[in-house]
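Read off the chains here:
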Amino acid sequence: MPSWGDTLEAVMRERGGALFAYAYVLTGDADDAQDLVQEALVRAFRRRGAPQGVDPAHAYVKRAMQTAFIDAHRRATARPQRDHREADRVAPDHAPATDTLDALMDAVTSLPPRERTCIVMRYLDGLSAQAIAHELGLAPGSVRRYLHDGIATLRRTHGDFGLEPADAVSGGADHHVIVTSKGGTR
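Fair warning: this is a prediction, and the values are worked out from it, not measured in the lab.

A. Representation of the packing of aromatic side chains in the model. Scanning the model with the defined rule gives one aromatic pair in all. When the ring centre of Y22 is taken as reference, the NZ or CZ atom of K62 above it lies at 4.6 Å. For the cation-ring pair, R122 lies above Y123, with the distance from its terminal atom to the ring centre recorded as 5.7 Å.

What follows is the structure, encoded as structure tokens:
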């Protein structure tokens, strides 16, 4: 049985890039993404019961990133702080090939933390609303509402990226949920 150190090393070697990319989509900032990965790794490997094997550890670290991201925003709204790095940031080069990616990233990072996390889990991880609810410990109806509201906000503020509310809350090809104009489902 490998030690937690061996598992941590294997996760970083095999999945470190994917974990950073996932954190970057959540945070929208490289420095914040690095901090989020670091915090999630500490959460995942600080106890003796750390997950064994690359796949379980990778899943555990992703889950720790999701909750750490939501928790950080919850704390920040309780005690707002100025981001001193704002002045140090350089505007990205908006080459034509990256315009859509930049627009999508700007759109996703404009969403509130729970909506953003649900959108990322749905479209990046490919999870159903039911699976997201299970992962985040939320009611499925809450997840469907976060997805619906997130997509509505993206459409209203940033245009159409081809995201359909019914697609966001469906459990896959075998069953569809229709989102009504008042946010209910049928």
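B. Fine view of the nonpolar core. Core analysis: the biggest nonpolar cluster contains 36 residues, and L36, V61, M65, I132, V143 and L147 have the highest contact counts within it. Those elements that place two or more of their residues in this core are helix 1 (4–27), helix 2 (30–45), helix 3 (54–78), helix 4 (99–109), helix 5 (113–123), helix 6 (129–136) and helix 7 (140–158). Sorting elements by how many residues they give to this core places helix 3 first, with eight residues. Those residues in contact with I132 that lie beyond four places of it in its chain are C118, M121, R122, L127, V143 and L147.

C. Summary view of the environment of H58. In this structure, H58 sits in helix 3. Look at H58 and you get buried, because its relative accessible area is 16%. In contact with H58, other than residues within four places in its own chain, are V11, R15, A18 and L19.

D. Representation of the pattern of salt bridges. Scanning the entire structure with this criterion turns up seven salt bridges. Notably, a salt bridge pairs E9 with R13, separated by 3.5 Å at the nearest N-O pair. Note that E9 and R13 are positioned in helix 1 at a spacing of four residues, about one turn of the helix. Comparing E9 with R13, the two get one shared label, exposed. The salt bridge partner of D55 is R15, with a shortest N-O separation of 2.6 Å.

Cut-offs applied
- Residues numbered from 1 in each chain as written.
- Predicted model: local features only at pLDDT ≥ 70, side-chain atom pairs only at ≥ 80, totals over all residues.
- Heavy atoms only, no water.
- Phe/Tyr/Trp six-rings, centres within 6.5 Å; stacked < 30°, edge-to-face > 60°.
- Lys NZ or Arg CZ within 6 Å of the ring centre and 35° of its normal.
- Core = buried A, V, L, I, M, F, W, Y, C linked by side-chain atoms within 4.5 Å.
- Buried < 20%, exposed > 50% of the residue type's maximum accessible area, 1.4 Å probe, protein only.
- Helix = DSSP H or I, 4+ residues; strand = E, 2+ residues; numbered from the N terminus.
- Contact = heavy atoms within 4.5 Å.
- Salt bridge = Lys/Arg side-chain N within 4 Å of Asp/Glu carboxyl O.

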